[in-house]
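The residues making up each chain are set out below.
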Amino acid sequence: MRVTSLFYLLASLTMPAAFAQGEVSVERGLQVSIIGGCHDCHTEGYSETEGKIDPERALMGSSVGWRGPWGTTYATNLRRDAAVMSERGFVGMLKRIRTLPPMPWYNLRAMDESDMQSLYQYIRSLGKAGKPAPSRSHANEEPTTPYVQLVPPQMPKN
Ligand code: HEC
């Protein structure tokens, strides 16, 4: 076997499947969630394990806070949103949300409808919704959880 064809054979075995444009599927939702960076913050332990997705904790939010002048925010449990929303409702939320830092809500504007639908299907496929992440605390409150202090602080514009 020539070296090049061996390369293509191996590449096809290890690379994620290419998805047709506009395809809506759980597998594509997984890919969107990884490339979109959602696990970076919404899946506890994801960065620490260099990108291993623990199915028990995937997108269930995080107990590590992000502290700045806006208070301390926590990446929310996205399974709880998806569990009580229709696909259309979830997509509508993703199109409109504007949150406090460091959630990059503006990045969601670059997703197309099928990215968001796939994301919804992936999140729904993960199983039980689980507990909510800790609630946001005010700037003058000392967080009771571990937190990341953002320096220099970035303030939302409103
Ligand atoms: C840098 C960390 C970070 C990344 C990356 C991130 N999020 Fe967030 N996300 C947060 C934080 C923190 C909040 C809570 C913000 C607040 O309290 O206002 C949040 C809130 C949200 C909310 C609001 C939930 C609700 O119930 O109000 C949604 C939806 C959401 N994120 C979806 C996503 C998706 C989808 C991705 C990937 C495309 C993503 N996030 C990537 C940190 C992040």
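Data block above holds the structure.
Numbers given to residues run from 1 along each chain, matching the order in which its sequence is written. Only residues with pLDDT of 70 or above have their local features reported here, since the model is predicted, and side-chain atom pairs are shown and tallied only from 80 upward, although totals for entire chains, interfaces and linings are computed over all residues. Calculated side-chain values reflect all of the structure's heavy atoms, with hydrogen atoms and water omitted.

> Please give an account of the packing of aromatic side chains that cites residues and values.
What counts as a ring pair is set by centres within 6.5 Å for rings of Phe, Tyr and Trp (its six-membered ring), and what kind of pair is set by the plane angle: stacked under 30 degrees, edge-to-face over 60, tilted for all other angles. Evaluation of the coordinates by the stated rule reveals two aromatic pairs. Here Phe-90 and Tyr-120 contribute two aromatic rings whose centre-to-centre distance is 5.4 Å and whose plane-to-plane angle is 50°, an arrangement assigned as tilted. Taken together, the residues span a long stretch of sequence, with Phe-90 in helix 5 (residues 87-96) and Tyr-120 in helix 6 (residues 113-125) at a distance of 30 residues. With respect to burial, Phe-90 and Tyr-120 carry one shared label: buried. Considering the side-chain rings of Trp-105 and Tyr-106, the 5.3 Å spacing of their centres and the 65° angle between planes classify their relative orientation as edge-to-face. The way it works is that DSSP assigns letters per residue, a run of H or I at least four long becomes a helix, a run of E at least two long becomes a strand, and they are numbered from the N terminus. Throughout this description, buried means an accessible area under 20% of the type-specific maximum (1.4 Å probe, protein chains only), exposed means over 50%, and partly exposed covers the range between.

> Can you lay out the pairing of strand 1 (residues 65-68) for me, pointing to particular residues and giving the numbers?
Two strands are said to pair when DSSP picks up at least two bridges between them. Note: strand 1 against strand 3 (residues 147-149), three bridges, orientation parallel. Each residue of the ladder has a partner; that of Arg-67, found in strand 3, is Gln-149. Where strand 1 lies against strand 2 (residues 71-73), three bridges are found, and the strand directions are antiparallel. Within the sheet, the bridge partner assigned to Trp-66 lies in strand 2 and is Thr-73.

> Describe the sheet that holds strand 1, and please don't skip the residues or the numbers.
One open sheet accounts for three strands, arranged 2-1-3; its pairing is mixed. Edge positions in the open sheet fall to strand 2 and strand 3, since each of these has one partner strand only. Between one strand axis and the next, the sheet turns by 25° as a mean value, whatever way the strands run. Axis geometry follows a simple rule: fit a line to the C-alpha atoms, using only the stretch in contact for helices, then measure angles between N-to-C directions, giving values from 0 to 180 degrees.

> Can you explain a nonpolar patch on the surface? Please cite residues and give values.
On the surface, Leu-30, Ile-34 and Ile-35 cluster together into a nonpolar patch covering about 270 Å² of accessible area. Considering the arrangement of structural elements, one finds Ile-34 in helix 2 (residues 26-35). By relative accessible area, Ile-34 is classed as partly exposed at 38%. In this analysis, a patch consists of residues with relative accessible area above 30% that form no salt bridge, clustered at 9 Å for like charges and at 5 Å for the nonpolar side chains Val, Leu, Ile, Met, Phe, Trp and Tyr. Areas reported here follow the Shrake-Rupley algorithm with a probe of radius 1.4 Å; residue values treat only the protein chains shown as occluding. Within this document, salt bridges are pairs made up of a side-chain nitrogen of Lys or Arg and a carboxyl oxygen of Asp or Glu, the two lying within 4 Å of each other.

> Report on the site of the ligand, specifying residues and quantitative values.
Any residue with at least one heavy atom within 4 Å of a molecule or strand is counted as near it. Residues in close proximity to the ligand total 24 residues, the closest being Cys-38, Cys-41, His-42, Leu-100 and Met-103. Two N or O atoms form a polar contact when they lie within 3.5 Å of each other; inside protein one atom must be a possible hydrogen donor and the other a possible acceptor, and for residues adjacent in sequence the pair counts only when both atoms belong to side chains. Side-chain polar atom of Asp-81 to an oxygen atom of the ligand: 3.1 Å apart, as the coordinates give it. For the ligand, an oxygen atom lies 3.0 Å from a polar atom in the backbone of Leu-100. A cavity here means a set of points on a 1 Å grid, drawn over the protein atoms and nothing else, where a 1.4 Å probe fits but cannot get out; a pocket is an open set with protein on both sides within 12 Å along at least five of seven lines, and a residue lines either one if it has an atom within 4 Å of a point. Molecules are considered to sit inside a cavity or pocket once more than half of their atoms lie within 2 Å of its grid points. Cavity membership is defined here by more than half of the atoms lying within 2 Å of grid points; on that basis the ligand lies in the largest pocket.

> Any details on the coordination of the iron atom of the ligand? Residues and values, ideally.
Only N, O and S atoms count as donors, using a 2.8 Å cut-off from the metal and 3.2 Å for Na, K and Ca, and because water is excluded some sites may appear unfinished. Only His-42 (NE2) and Met-103 (SD) from the protein reach the iron atom of the ligand as donors, at distances of 2.0 to 2.1 Å. Working rule for geometry: tetrahedral if four donors all subtend angles between 85 and 135 degrees; square planar for four, octahedral for six, if opposite donors exceed 155 degrees and the others stay between 65 and 115; irregular in every other situation. Here the iron atom of the ligand is ringed by six donor atoms whose angles at the metal span 88 to 179°, and the overall shape comes out octahedral. Of this pair, His-42 sits in helix 3 (residues 38-42) while Met-103 sits in the loop between helix 5 and helix 6, placing them 61 residues apart in sequence.

> Talk me through unusual backbone geometry; I want residue IDs and the actual numbers.
Here the amide bond leading from Pro-101 into Pro-102 is cis, since omega sits at 0°, within 30 degrees of zero. Relative to the helices and strands, Pro-102 is located in the loop between helix 5 and helix 6. With a phi angle near 55°, Glu-50 is a residue other than glycine that sits in the positive phi range. Accessibility expressed as a relative area gives 76% for Glu-50, which makes it exposed. Unusually for a residue other than glycine, Leu-59 sits at a positive phi of about 60°. Relative to the helices and strands, Leu-59 is located in the loop between helix 3 and strand 1.

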